[in-house]
Amino acid sequence: MGPLKKQASSAAEISQRTDSRFTNEPENRSESFGSRLLTTEQDVFKHNAWDHVEPDDEYIKYAEQQIRFHHENPVPAEKKELYNTTPATFWDSFYANNQNKFFKDRHWLQIEFAELFEWTTESSKFQIMEVGCGAGNAVFPLLEDIYDPRLFVYACDYSSIAVDVVKASKAYDQQRCAAFVWDLASTKLPPNVAPESIDIMLMVFVFSALHPSQWKQAVANAYQLLKPGGVLLFRDYGRNDLAQLRFKKSRLLEDNLYIRGDGTRVYFFTNEELAEVFGSLFEIEQNAIDRRLLINRKRELKMYRVWLQAKFRKPIK
Ligand SMILES: C[S@@+](CC[C@H](N)C(=O)[O-])C[C@H]1O[C@@H](n2cnc3c(N)ncnc32)[C@H](O)[C@@H]1O
């Protein structure tokens, strides 16, 4: 029997999945990756956004120019260590300032990651774990949308303030979820989660906060926590996303790794990198680019957003 769930959101509800500084996630999406297609270039300034548009030559030139500029103006050498030694403290300050007011709820999960809602299990439990849960913008919609008593959700983050925010929510129910501090790049697994016990792991805009030297450990941790046959659902920034190109000087830490104004790190991935990093342990079920062209109609400006979405399955031994 599948989980008891609230039915797929209405168009109005889906349109609530609006932008945030981090994601600019598509609005009004009723199917995977959106469906407003630009068929003739003459139409481009008729709407605010188009799906699946490849960048034009002008943008490609702009991208190359910006990346060159970033390399000519990196983070000053003496500051690099600060950002890499205690990255969680910057997220702590972020949540101390913003609490749960920053991110929008991730209601698009029902469309992009239907696995979260369509499971069947013979066992008495179905366990979902979100790593980098932030203020709970994925966890709480999941708990609300899936009523099944067999569901248990682990929500962890390396920012203890984020975890406090989750625990302080009225929707936090200890019978149905557990929030705790854990660093995805740690060499130790979380003591309260049994190895090979997780059915689905969710990583939404968290992998980009790691330093590339931490990727291998993070992937190994995810692999160890997932059940054989379990799946890791991934969404994060893609290479040459507008958020990358817009960085000013003194923000580039390393190739494609930047420091935001608030000190948090962000990396911009390619599909090839994901295939290399996850493919060594996981079967790749999806490794897709979600592109969206945003239009400033008044200024006739084109802005390209790029996200990567992937599904990595732990093989059954
Ligand atoms: C951009 S926010 C996304 C939050 C949430 N996933 C969402 O979509 O609303 C990234 C989150 O990942 C957390 N994070 C970054 N690196 C982490 C790590 N190594 N281990 C655990 N959490 C981490 C940050 O503290 C932050 O809460």
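All of these numbers come straight from a predicted model, not from anything done at the bench.

(A) Focus on the UniProt feature "domain: Methyltransferase type" (unreviewed entry) in the protein. Residues annotated in UniProt with the feature "domain: Methyltransferase type" (unreviewed entry) correspond here to residues 129-232. Secondary structure across residues 129-232 comprises 26% helix and 28% strand; the distance between its end C-alpha atoms is 9 Å.

(B) Structural view of the pairing of strand 11 (residues 301-313). Counted residue by residue, strand 11 has 10 buried out of 13 residues, so it is predominantly covered. Here 7 bridges tie strand 6 (residues 226-237) to strand 11, and the two strands are oriented antiparallel to one another. Counterpart to F234 in the pairing with strand 11 is A310. Across 13 bridges, the pairing between strand 10 (residues 283-296) and strand 11 is antiparallel. Bridging across to strand 11, I295 finds its partner in K302. Counting the residues in the hairpin turn of strand 10 and strand 11 gives 4 residues, including E300, whose phi is positive at 50 degrees.

(C) The arrangement of the site of the ligand in detail. Around the ligand, the surrounding shell holds 21 residues, and the nearest of these are Y95, R106, G132, D157 and D183. Here an oxygen atom of the ligand and a side-chain polar atom of R106 are 2.8 Å apart. For the ligand, an oxygen atom lies 2.6 Å from a polar atom in the side chain of D157. Given that more than half its atoms are within 2 Å of the pocket grid, the ligand belongs to the largest cavity. Here the residues of the shell around the ligand sort into 13 nonpolar, 4 polar and 4 charged.

(D) Molecular detail of the nonpolar core. By size, the foremost hydrophobic cluster in this structure holds 49 residues, and its most contacted members are L109, L116, I128, L142, L151 and L202. Of the residues forming this core, the biggest block, 4 residues, is contributed by helix 6 (residues 139-145). By size, the runner-up hydrophobic cluster in this structure holds 40 residues, among which are W182, I198, L210 and A310.

(E) Summary view of helix 10 (residues 271-279). Looking at helix 10, one finds that the buried residues are N271, E273, L274, V277 and F278. The buried residues of helix 10 occupy an angular sector of 155 degrees when the element is viewed end-on, so they sit on one face. Residues of helix 10 that are exposed and point more than 90 degrees away from the buried face comprise E272 and E276. On its buried face, helix 10 is in contact with helix 8 (215-225), strand 6, strand 9 (265-267), strand 10 and strand 11.

(F) Structural view of the pattern of salt bridges. With the rule as written, the count across this model stands at 9 salt bridges. With its nearest N and O atoms 3.0 Å apart, the salt bridge here joins R150 to D148. Classification of R150 by relative accessible area gives buried; the value is 15%. We note a salt bridge from D199 to K227, for which the minimum N-O separation is 2.9 Å. Here K227 lies in strand 6 and D199 lies in strand 5 (residues 198-204), a separation of 28 residues in the sequence. On the basis of relative accessibility, which here comes to 13%, the residue D199 falls in the buried class. Look at K227 and you get partly exposed, because its relative accessible area is 25%.

(G) Local environment of the packing of aromatic side chains. Applying the stated criterion across every chain, the model contains 32 aromatic pairs. Note on W119 and F126: the rings are 4.1 Å apart at their centroids and 5 degrees apart in plane angle, and the pair reads as stacked. F126 sits in the buried class, given a relative accessible area of 5%. What links up through ring pairs into an aromatic cluster is the set F207, W215, Y223, F234, Y267, F269, F278, F282 and F312.

(H) Geometry of the sheet that holds strand 9. Judged by pairing direction, the sheet is antiparallel, and its 3 strands sit side by side in the order 7-8-9 without closing on themselves. Of all strands in the sheet, those bounded by a partner on one side alone are strand 7 (252-254) and strand 9. Strand after strand, the sheet turns through a mean of 35 degrees between neighbouring axes, direction not considered. Bridge analysis of strand 8 (residues 257-259) against strand 9 gives 3 bridges, and the strand direction is antiparallel.

About the thresholds
- Residue positions within a chain follow its written sequence, with the count starting from 1.
- Side-chain atom pairs in this predicted model are given and counted only at pLDDT of 80 or more, local residue features only at pLDDT of at least 70, and totals for whole chains, interfaces and linings cover all residues.
- Where side-chain values are given, they derive from all heavy atoms of the structure, hydrogens and water being excluded.
- UniProt positions are given in the numbering used here, feature names are shortened, and annotations may be inferred rather than shown by experiment.
- Helix and strand assignments follow DSSP, with helices taken as H or I runs no shorter than four residues and strands as E runs no shorter than two, numbered in order from the N terminus.
- When accessible area is computed with a 1.4 Å probe and restricted to protein chains, residues below 20% of their type maximum are described as buried, those above 50% as exposed, and intermediate ones as partly exposed.
- The pairing criterion for strands is at least two bridges between them, as found by DSSP.
- Nearness is judged by heavy atoms alone; a residue qualifies as near a molecule or strand once a single heavy atom is within 4 Å of it.
- In protein, a polar contact requires one atom able to donate a hydrogen and another able to accept it; more generally it is a pair of N or O atoms within 3.5 Å, and residues adjacent in sequence count only if both atoms are side-chain atoms.
- Of the grid points, spaced at 1 Å and generated over the protein atoms alone, those admitting a 1.4 Å probe that cannot get out make up cavities, while open sets with protein on both sides within 12 Å along at least five of seven lines make up pockets; any residue with an atom within 4 Å of a point is treated as lining.
- Assignment to a cavity or pocket requires that more than half of a molecule's atoms be within 2 Å of the site's grid points.
- Polarity classes work like this: nonpolar for Ala, Val, Leu, Ile, Met, Phe, Trp, Tyr, Cys and Pro, charged for Asp, Glu, Lys and Arg, and polar for all others, with Gly in that last group.
- The term nonpolar core refers to a set of buried residues drawn from Ala, Val, Leu, Ile, Met, Phe, Trp, Tyr and Cys, joined through side-chain atoms within 4.5 Å.
- By construction, the arc corresponds to the directions joining the helix axis to the C-beta atoms.
- Every residue pair with non-hydrogen atoms within 4.5 Å of one another is taken to be in contact.
- Basic side-chain nitrogens of Lys or Arg form a salt bridge, by our definition, when they fall within 4 Å of a carboxyl oxygen of Asp or Glu.
- Paired rings are identified among Phe, Tyr and Trp, the last through its six-membered ring, by centres lying within 6.5 Å, and are further divided according to the angle between planes into stacked (under 30 degrees), edge-to-face (over 60) and tilted (the rest).
- A fitted line through C-alpha atoms represents every axis, and for helices the fit uses only the stretch in contact; the resulting angles, taken between N-to-C directions, go from 0 to 180 degrees.

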